[in-house]
Amino acid sequence: MLNLGCHLTSSKGYEYMGRQALQINADTFQFFTRNPRGGKAKEIDHEDVKRFLEIAEANNFVKIVAHAPYTLNPCSAEQKTRDFAYMAMKDDLERMEFTPGNYYNFHPGSHVGQGIEKGIEMISDLLNRILKPEQTTMVLLETMAGKGSEVGSRFEELSAIIDKVELKDKMGVCLDTCHVSDAGYDIIGDPEGVLDEFDRIIGLNRLKAIHVNDSLNPMGAHKDRHACIGEGQIGLEAILTFINNPRLKGLPMILETPQPDLEGYGNEIKMLREMSK
Ligand code: FE
Ligand code: FE
Ligand code: ZN
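Everything numeric here is computed off the predicted structure, so don't read it as measured data. (Residues numbered from 1 in each chain as written. Chains lettered and ligands numbered in written order. Predicted model: local features only at pLDDT ≥ 70, side-chain atom pairs only at ≥ 80, totals over all residues. Heavy atoms only, no water.)

(A) Spotlight on the pattern of salt bridges. Applying the stated criterion across every chain yields a total of 13 salt bridges. With a shortest N-O distance of 3.3 Å, Arg95 and Asp91 are connected by a salt bridge. Placement of both Arg95 and Asp91 in helix α3 (residues 79-96) is noted, with a separation of 4 residues, approximately one turn of the helix. One salt bridge connects Arg247 with Glu192, and the closest N-O pair in it is separated by 2.5 Å. Taken together, the residues Arg247 in the loop between α8 (236-243) and β12 (252-255) and Glu192 in helix α7 (residues 191-201) connect sequence positions 55 residues apart. By sharing partners, the salt bridges in this structure join Arg34, Asp91, Asp92 and Arg95 into a single network. (Salt bridge = Lys/Arg side-chain N within 4 Å of Asp/Glu carboxyl O. Helix = DSSP H or I, 4+ residues; strand = E, 2+ residues; numbered from the N terminus.)

Spelled out as structure tokens, the structure:
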């Protein structure tokens, strides 16, 4: 069975997200660690976390995915922005340890004209300053669409970042179907080839989570505009084929589609599960 969930709003805490996931027959979910446009994180409520962990355990949830704010950019040209990246990731990872053994996904960054090489160096530097041997959280680099000066739209770039990180066992990758298609990988025509390439360049053992999205734009568009499953250029059939690949078995798969509400995600999950039988 597929391990499916969707992006949820975290403002009402962990237990609430766990209950929402149950309502839509999900066994994982994703949430922002703080306002996606930046700002301070909420204090951890230990009772709330405890109730969530009980729900997750009782219902066989797989790993959940925390998503860093979009404003976190380790390779900004501005010192102030790089300082925020350090502060936010360090603080997020400390809070993640209260829900041990899960995933923290972030957009590697935008080099804003400083060059891919420089960007890769600054991203791995940040990780080397923050990662600790004793942490149980795995940090995931998200595959990017290649919009503007985004780093991480080529598997080679993600591999180069991981290569420069000292604590490599803390590093993984989250593959976003909309982003890889936008980046120019043919997940419609040659899904096995894309996974082969991922394996050759990064290693499939590093693939830890999937963002399941259709794309408003054709392959190679470098736009990053998500569509609901079956309403975009990738299409239902290609998405079903991709997520049911045995090589992805057991990975948390998160919908980040533009659904209006929880019920919309519930319907999307139901459709994907039924059509995967
Ligand atoms: Fe993302
Ligand atoms: Fe994504
Ligand atoms: Zn996106």
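(B) Highlighting the coordination of the iron ion (ligand 2). The iron ion (ligand 2) binds to the protein through Glu142 (OE), Asp176 (OD), His211 (ND1) and Glu256 (OE), with metal-donor distances spanning 2.0 to 2.2 Å. Its 4 donor atoms give the iron ion (ligand 2) angles of 86 to 174° at the centre, a pattern that matches the irregular case. Along the chain, the residues that donate to the iron ion (ligand 2) are spaced as E-x33-D-x34-H-x44-E. Separating the iron ion (ligand 2) from the iron ion (ligand 1) is a gap of 3.3 Å, which Glu142 spans by donating to each of them. Within this pair, whereas Glu142 is found in strand β6 (residues 138-142), its partner His211 is found in strand β9 (residues 207-212), the two being separated by 69 residues in sequence. What makes Glu142 buried here is its relative accessible area of 0%. (Donors = N, O, S within 2.8 Å, 3.2 Å for Na, K, Ca; no water. Tetrahedral: all angles 85-135°; square planar, octahedral: opposite > 155°, others 65-115°. Buried < 20%, exposed > 50% of the residue type's maximum accessible area, 1.4 Å probe, protein only.)

(C) Representation of the packing of helix α5 (residues 155-164) against α7 within the structure. Axis separation between α5 and α7 bottoms out at 9 Å; the angle between their running directions is 25°. Looking at the two axes, α5 sits roughly parallel to α7. At the point where α5 passes α7, the crossing takes the right-handed sense. Between α5, through Phe155, Glu156 and Ser159, and α7, the contact on the second element is made entirely by Val194, Glu197, Phe198 and Ile201. (Axes fitted to C-alpha atoms, helices over the stretch in contact; angles between N-to-C directions. Parallel < 35°, antiparallel > 145°, perpendicular 65-115°, else oblique. Left-handed = near helix turned anticlockwise from the far one by under 90°. Contact = heavy atoms within 4.5 Å.)

(D) Structural view of the layout of surface pockets. Space inside the largest pocket adds up to approximately 430 Å³. Looking at the lining of the largest pocket, the elements with two or more residues in it are β1 (3-8), α1 (13-23), β2 (30-32) and α3. Along the lines of polarity and charge, the residues of the lining of the largest pocket split into 9 nonpolar, 7 polar and 8 charged. (1 Å grid on protein atoms, 1.4 Å probe; cavity = no way out; pocket = protein on both sides within 12 Å on 5 of 7 lines; lining within 4 Å. Points joined across faces, edges and corners; volume = space filled by probe spheres on them. Nonpolar A, V, L, I, M, F, W, Y, C, P; charged D, E, K, R; others polar.)

(E) Structural view of the coordination of the iron ion (ligand 1). Only His67 (NE2), His107 (NE2) and Glu142 (OE) from the protein coordinate the iron ion (ligand 1), and they sit 2.1 to 2.2 Å from it. Mapped onto the sequence, the residues coordinating the iron ion (ligand 1) show the spacing H-x39-H-x34-E.

(F) Region of interest: the sheet that holds strand β3 (residues 65-67). Read around the closed barrel, 8 strands run β1-β2-β3-β4-β6-β8-β9-β12, paired in parallel fashion. Between one strand axis and the next, the sheet turns by 30° as a mean value, whatever way the strands run. (Pairing = 2+ DSSP bridges.)

(G) Structural context of the packing of aromatic side chains. All told, the structure shown has 7 aromatic pairs when counted by the stated rule. Measuring from centroid to centroid gives 6.1 Å for Phe29 and Phe31, while their planes differ by 50°, and the two rings are tilted. Neither residue differs from the other here; Phe29 and Phe31 are each classed as buried. Pairing Phe155 with Phe198 gives two aromatic rings, centres 5.1 Å apart and planes at 70°, and the pair type is edge-to-face. (Phe/Tyr/Trp six-rings, centres within 6.5 Å; stacked < 30°, edge-to-face > 60°.)

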